[in-house]
Amino acid sequence: MPGTFKHTFDTPVYKGTVEFPTGLYINGKWVDGGDGGFIDVINPTNGQLITRISEGTPSDIDTAVHFAQTAFDTVWGHNTPGDARGALLYKLAQLMEDNKDKLAAVEALDNGKTFGWAKKADLAMSIGTIRYYAGWADKISGSTIETSLDKIAYTTHEPLGVVGQIIPWNFPLMMLAWKFGPALAAGNCVILKPSEFTPLTALFAAQLCHEAGFPPGVVNVVNGYGSTVGNAIAHHPHIEKVAFTGSTLVGRKVLEAAAKTNLKETTLELGGKSPNIIYDDCDIEQALDWTIHGIFWNHGQACCAGSRIFVHAKIYDEFLQKFTERTKQVKLGDPFDPDTYQGPQVSQQQFDRIMSYIDSGKEQGATVHLGGERFGTSGFFIQPTIFTNVHADMKIVKEEIFGPVGVVIKFSSDDDVIRQANDTIYGLAAAIFSKNIDRALRTSQRLRAGTTWVNCANQLHPQIPFGGYKQSGIGRELGQYALEHYTTVKAVHINLGHTI
Amino acid sequence: MTVAVAEITVPTTGKKISVPTGLFINNKFVSSVDSPDKIDCVNPATEEFLASVVAGSAKDIDVAVAAAREAFNTTWGKHVSGFERSKLINKLADLIERDAEDLAALETLNNGKPLKIARDFDIGDSIGCLRYYAGWADKIVGQSIEIDPSTKFAFTKNEPIGVCGQIIPWNYPIQMWAWKVAPALAAGCTIVMKPSEFTPLTALKLSELIVEAGFPPGVVNTVPSLGSVGGAALSLHKGVDKVAFTGSTVTGRKIQKAAADSNLKKVSLELGGKSPHLIFESADLDQAANWAALGILYNTGQDCTAGSRLYVQESIHDKFVEILVGKAKELTVGDGFDEKVGGGPVVSKVQYDKVWSYIESGKQQGAKLVLGGEKRSSKGYYVDPTIFTNITPEMKIVQDEIFGPVLSVGKFKTEEEAIKLANDTTYGLAAGLHSNDANQCMRVANALDAGTVWVNQYNMLYNNVPFGGKKQSGIGRELGSHALDEYISVKAIQWNYGEKLEWPL
């Protein structure tokens, strides 16, 4: 019998109780994991156990695929018209809206981000994304194409079938919304594997999907480990498409698995080492605020974090001094304290990894301008850290750290900074600060990045596509563009009279 | 100054529905600024008085246009995001769904159509229409266009046209309201709506929901008025950027002329039709008869797309007519509040007289009456299903739009003859064909000059499929993504960030 997570919050920013099942959600039912196993869910603020959830296995994925395929063939896909699919998504969005505070509280508890940020960023974007795709569900049209007089040809954009979705722990609910929205709007059935580090809001959301009335088998949520459940999804011969967000290392494995099995359509949202270019003619106060947001938002745990901060020589000293002052004001603390900006990193593993990068920076001769140590004595907190005097071949300059660690690099020529900015295997995003819009646009045009932010950073909207160049990924999420990856094209030729 | 609220009683339940009777401007119901005139609303099933509403004057139109302009410049237009518009339109849809019973009762009282049809179809589809366009509001994208990437680029913005005058008819009061309001609001336009002087009640009731949904004042304004007063004023108004009209071709012509004479405002027109309905010998006759009956009897034939000219292949003509007459007889026509009833009266005395005069002309010009043709002696503007056969092209009942449940049936030998007969009209709104030969269906659908061609069905419209007329049936399209084009004006922004101009050239 699958368990239930029940928790009462009594915090300065939120008081209330949440309750939802912790089993696997397959075919409209909550079930135990195939081997009866459990995964511990740890609170990163204090390292203690929050609860245990059911652990899925590869055989649970087989089961989910079976039911999802049946649902696709009988009640979903072409069996439910677009406006009806849209209505269910709107209902889900409304239920998320109604439970906004509860969801934000669970997210803060499980991930460590502050309740305030969870509500204002994660929840707002999640609800907005589901609403946005609800509106697309009945607008996915093909074309009619004129060729010769004796033929009528048209295309239809059809759902793929059963899709597998593997999401990370940095924005758990938001990543679920980015995946569910286009997939369900287009008529696919989904099997989602949340991160084993942050499964709770996905379980809450599964309950809301059930309440919204999605037919059994359309939405399935199977918690488990990447090496078992994630691996099973990537290899499954009857999953038509896999969408993965996570590290480039694992993304490579997912793509490889697809190639080895059924050539399933694969989209990847991977890592980044995004440049933040601060020109000498920027609005320096604004540039400073956006730079803080670019690297310290979500504790640096954002694929598009502006982690390489390039500052023009003419303003370098002033910028660095003010950036340091502002960073010192970043308050670390309990996610449920209204004054906290930065909570803990998500797990022991991440904590260790980031600290090891910081150590490598020290070893390779970079200057720790600020921070560089653990914060506090319990929980996975790391001080906001700034490195200076770095070289291009240092690990902290080349590799994605995924923590509150920025490297600051001085430059003096536009051509040179653009060259340095592009000198990376990644290409997810970039930010450019300059009051001279023409200079910013010329720079934007030359940057090899999927998103360029001019005089802002880390801005996401459901309508605007997001994704990576180079090894930051394949495909785009958000906007109309995401729908392309959840539909496949059929061309129909109707012969009106050509005989052979 | 508060304006009277009418209390209208629903006959079956005794429930009283309150309907504001003033002009709806800036989110308030007001009197006319300069006219004491009223419009009387009548129940066409009983000929009884329902309520009086304020009749807007040309000056009232000025006030409404000014309110719409102010809103467009401050709280709507470019000052509201697509996301916000989407939320408000969805909220409006939710409120209409909440109040569907009351709105359906009002629609039946004022228009005569059966209550269950008003509720499930008119209102059901209207809610769907609003939700469909709510979904578009944050998806109206332009293009970015490559010129020379190192120096310049261009992009387009799909800007709202501005203040839109919308003039709607009496045959589907709520649904025509939704078809107009939804895309206009989604695109960011503000509206001065002139509902039909025969059926203004639901438009006024819906205006209350505009306020409740949270639209800023001036975004939607409702001015019931005579066509020759309010409609003319909107068409001539220099402060109106676009007029959208659904109604007769005669009036449509006047509106386009007024647009040309004033400020060349953009015009879209949904006008009349004399839509051909073709039955080929391979058709499933029973099904085809069902669709043919629907095509002329739905909404008591008061439908711009009514399949009012039926052409049947000679080999099956007599048999088909017999089946069709049987189908028509199965329809119960009566008071819309009667559960058994599938069709109501025509909307007004004016329409009643008009339709009966066409029936008389059919008789006089020698068409053969195989069903109907006799007036009822009881109260109500009733026209029972009427079918003429043995028609010839020059008969008035074959050429003119009757807008009632009067069908003219002719015959043809070959496919080519059918197409020729079908296209022999100044109209081009819709057409239907029934055949089990897929190639024939494709050929004929390709050859028909109509904005909508129905294959093996009739009269089915969907919010995501465009609808409109060819030839003198209209200009522009409603429904689908195409409707948005009618409310959008494209701006191309050409941005130079690197070209230096040499002077002199």
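From a predicted model like this one, the values you see are computed outputs, not experimental measurements.

## What about the overall build of chain B?
Check the secondary structure of chain B and you find 15 helices and 22 strands. A compact globule built from 505 residues would reach a C-alpha radius of gyration of about 23 Å, and chain B, at 24 Å, matches this within 12%. Each principal axis of the C-alpha atoms in chain B carries an extent, and together these give about 80 × 60 × 40 Å. By the burial criterion, 58% of the 505 residues in chain B qualify as buried. Taking contacts inside chain B between residues at least 6 apart in sequence as the whole, the part at least 24 apart equals 73%. Accessible surface for chain B amounts to roughly 20,000 Å². Of this, 53% is attributable to carbon and sulfur atoms.

## Some details on the environment of T12(B)
By the secondary structure assignment, T12(B) is in the loop between β1 (5-9) and β2 (16-20). Once the C-alpha coordinates of T12(B) and A105(B) are considered, the two residues, 93 residues apart in sequence, prove to be 9.6 Å apart.

## Comments concerning helix α14 (residues 438-447) of chain B
Residue and element names in this part refer to chain B. Of all the residues in α14, the buried ones are Q440, C441 and V444. Down the axis of α14, the buried set is contained in an arc of 100°. They therefore lie on one face. Exposed and oriented more than 90 degrees from the buried face of α14 are A438 and N446. The elements touched by buried residues of α14 are β14 (276-279), α13 (415-423), β19 (430-434) and β20 (452-455).

## Section: the packing of helix α2 (residues 82-98) of chain A against helix α5 (residues 172-185) of chain A
Residue and element names in this part refer to chain A. Running from N to C, α2 and α5 point in directions that differ by 165°, and their axes come no closer than 10 Å. Classified by the interaxial angle, the pair formed by α2 and α5 is roughly antiparallel. Seen along the crossing, α2 lies across α5 with a hand that is left-handed. Residues R85, L89 and M96 of α2 touch α5, and the partners they reach there are L173, G181, L184 and A185.

## Side note on the sheet that holds strand β7 (residues 144-145) of chain A
All names here are of chain A. Read from one edge of the open sheet, 3 strands run β7-β8-β22, paired in antiparallel fashion. Unpaired on one side and paired on the other, β7 and β22 (487-495) mark the two borders of the sheet. In this sheet, strand β8 (residues 151-159) lies alongside β7 in antiparallel orientation, the contact comprising 2 bridges. Across the sheet, the residue bridging to T144 is Y154, located in β8.

## Examining the pairing of strand β15 (residues 308-312) of chain A
Residues and elements named next belong to chain A. Judged by how many residues are buried, β15 sits mostly within the fold: 5 of 5 residues are covered. Burial of β15 is two-sided: the residues R308, F310 and H312 facing one way and the residues I309 and V311 facing the other way are all buried. Pairing of β15 with strand β18 (residues 405-411) involves 5 bridges; the strand directions are parallel. Of the residues in β18, the one forming a bridge with F310 is I409.

## What about the interface of chain B and chain A?
Listed per partner, the contact involves 21 residues of chain B and 18 residues of chain A. Here chain B meets chain A over a buried area of about 1,700 Å², counting both sides, of which 62% is carbon and sulfur. Area buried by chain B at its contact with chain A is led by K139(B), M442(B) and Y497(B), which between them contribute 32% of it. Our count for the contact surface shared by chain B and chain A stands at 7 residue pairs in polar contact (both at pLDDT 80 or more).

## A short note on the pattern of salt bridges
Two side chains with opposite charge may pair up if their charged atoms get near one another. Residue and element names in this part refer to chain B. Summed over all chains, the structure comprises 49 salt bridges over all chains. With its nearest N and O atoms 2.7 Å apart, the salt bridge here joins R98 to E212. You can see R98 sitting in helix α2 (residues 82-98) and its partner E212 sitting in helix α6 (residues 201-213), a full 114 residues away along the chain. Relative accessible area serves as the criterion here: at 48%, R98 is assigned to the partly exposed category. For E212, a relative accessible area of 41% translates into the label partly exposed.

## Thoughts on the packing of α13(B) against α14(B)
Residue and element names in this part refer to chain B. Interaxial distance between α13 and α14 falls to 10 Å at its minimum, and their mutual angle equals 30°. Looking at the two axes, α13 sits roughly parallel to α14. Pair α13 / α14 crosses with right-handed handedness. Where α13 abuts α14, its residues E415, I419 and N423 lie against Q440, R443, V444 and A447. When the residues that make up the contact of α13 with α14 are grouped by side-chain class, the tally is 3 nonpolar, 2 polar and 2 charged.

## Examining the environment of A429(A)
All names here are of chain A. Counting through the fold element by element, A429 comes out in strand β19 (residues 429-433). Given the relative accessible area of 2%, A429 is considered buried. Distance in space between the C-alpha atoms of A429 and G468 is 7.3 Å, their sequence separation being 39 residues. Setting aside chain neighbours within four positions, we find A429 in contact with S274, P275, C304, A449, T451 and W453.

## Overview of the pairing of strand β7 (residues 144-148) of chain B
Residues and elements named next belong to chain B. Examined bridge by bridge, β7 and strand β8 (residues 152-160) share 4 bridges and lie antiparallel to one another. Bridge pairing in β8 places S144 opposite F155. Between β7 and the antiparallel strand that follows it, β8, lie 3 residues.

## Remarks on the sheet that holds strand β20 (residues 451-454) of chain A
Residue and element names in this part refer to chain A. The 7 strands are arranged β16-β17-β18-β15-β14-β19-β20 in an open sheet whose pairing can be described as mixed. Each end of this open sheet is capped by a strand with a single partner; those strands are β16 (367-370) and β20. Pairwise comparison of adjacent strand axes, ignoring direction, gives a mean angle of 25° for this sheet. Note that strand β17 (residues 385-388) and β18 share 3 bridges and pair parallel. Bridging across to β18, I386 finds its partner in G406. Relative to the sheet, helix α13 (residues 414-422) contacts β14 (275-278), β15 and β18, its axis offset from that of β15 by approximately 175°.

## Side note on the confidence of the model for chain B
Put simply, chain B has an average pLDDT of 97, and 100% of its residues get 70 or more. Interface scoring of the predicted complex returns ipTM 0.87; its pTM is 0.92.

## Let's talk about helix α8 (residues 248-260) of chain A
All names here are of chain A. Over its 13 residues, α8 runs 18 Å from end to end, which matches the ideal 18 Å to within 8%, given 1.5 Å per residue. Listed in full, the buried residues belonging to α8 are T248, G251, V254, A257 and A258. Its buried side turned inward, α8 meets α7 (226-235), β12 (241-245) and β13 (265-269).

## Considering the side chain of N188(A)
Residues and elements named next belong to chain A. Following the sequence through the fold, N188 ends up in the loop between α5 and β10 (189-193). By relative accessible area, which is 0% here, N188 ends up buried. Separated by 2.9 Å, the side chain of N188 and the backbone oxygen of Y486 make a polar contact. Residue contacts for N188: discarding those within four places in its chain leaves W76, P159, L160, G161, V163, A183, V218 and Y486.

## Considerations on the packing of aromatic side chains
Residues and elements named next belong to chain A. Under the defined criterion, the tally for this structure stands at 32 aromatic pairs over all chains. Between Y14 and F115, the ring centres sit 5.7 Å apart and the planes meet at 20°, which makes this aromatic pair stacked. Highlighted residues: Y14 in the loop between β1 (4-10) and β2 (15-21) and F115 in helix α4 (residues 115-136), separated in sequence by 101 residues. According to the relative accessible area criterion, Y14 is buried, its value standing at 9%. Between the aromatic rings of F296 and F323, the centroid separation amounts to 6.3 Å while the plane-to-plane angle is 20°, which identifies the pairing as stacked. Here F323 lies in helix α10 (residues 316-328) and F296 lies in helix α9 (residues 284-296), a separation of 27 residues in the sequence.

Cut-offs used in this document
Residue numbers here run from 1 along each chain, matching the order of that chain's written sequence. For this description, chains carry letters from A and ligands carry numbers from 1, given in the order in which they are written. With pLDDT at 70 or above as the cut-off, local features in this predicted model cover only qualifying residues; side-chain atom pairs require 80 or more to be listed or tallied, and sums for whole chains, interfaces and linings still use all residues. Hydrogens and water are ignored here; the side-chain numbers use all heavy atoms of the structure. Going along the chain from the N terminus, every DSSP run of H or I of four or more residues is numbered as a helix, and every run of E of two or more is numbered as a strand. The atom set for the radius of gyration is the C-alpha atoms, and the globule formula is 2.2 Å times the number of residues raised to the power 0.38. When a residue's accessible area, from a 1.4 Å probe over protein chains only, is under 20% of the maximum for its type it is buried; when over 50% it is exposed; and in between it is partly exposed. We call two residues contacting when some pair of their heavy atoms lies within 4.5 Å. The accessible surface values rely on the Shrake-Rupley method and a 1.4 Å probe; as for residues, cover is taken only from the protein chains in view. This arc is built from the directions going out from the helix axis to the C-beta atoms. With axes taken as lines fitted to C-alpha atoms, and helix axes fitted only over the stretch in contact, angles between N-to-C directions fall between 0 and 180 degrees. For classification purposes, an angle smaller than 35 degrees is called roughly parallel, one larger than 145 roughly antiparallel, one from 65 to 115 roughly perpendicular, and anything else oblique. Left-handed describes a crossing in which the near helix is turned anticlockwise from the far one by less than a right angle; the clockwise case is right-handed. A pair of strands is considered paired only if DSSP assigns at least 2 bridges between the two. Joining two parts hides part of their accessible area as seen by a 1.4 Å probe, and the buried area is that hidden amount summed over both. Contacts described as polar in this section are N or O atom pairs within 3.5 Å, which, within protein, must combine one atom able to donate a hydrogen with one able to accept it, while residues neighboring in sequence count only if both atoms come from side chains. Salt-bridge detection follows one rule: a side-chain nitrogen of Lys or Arg within 4 Å of a carboxyl oxygen of Asp or Glu. Each residue is assigned to one of three groups, with Ala, Val, Leu, Ile, Met, Phe, Trp, Tyr, Cys and Pro labelled nonpolar, Asp, Glu, Lys and Arg labelled charged, and all others, Gly among them, labelled polar. Think of pLDDT as the predictor's per-residue confidence, scored from 0 to 100. How far a helix is expected to stretch is found by multiplying one less than its residue total by 1.5 Å. Between rings of Phe, Tyr and Trp, where Trp is taken as its six-membered ring, a pair exists when centres lie within 6.5 Å; planes separated by under 30 degrees are stacked, by over 60 edge-to-face, and by other angles tilted.

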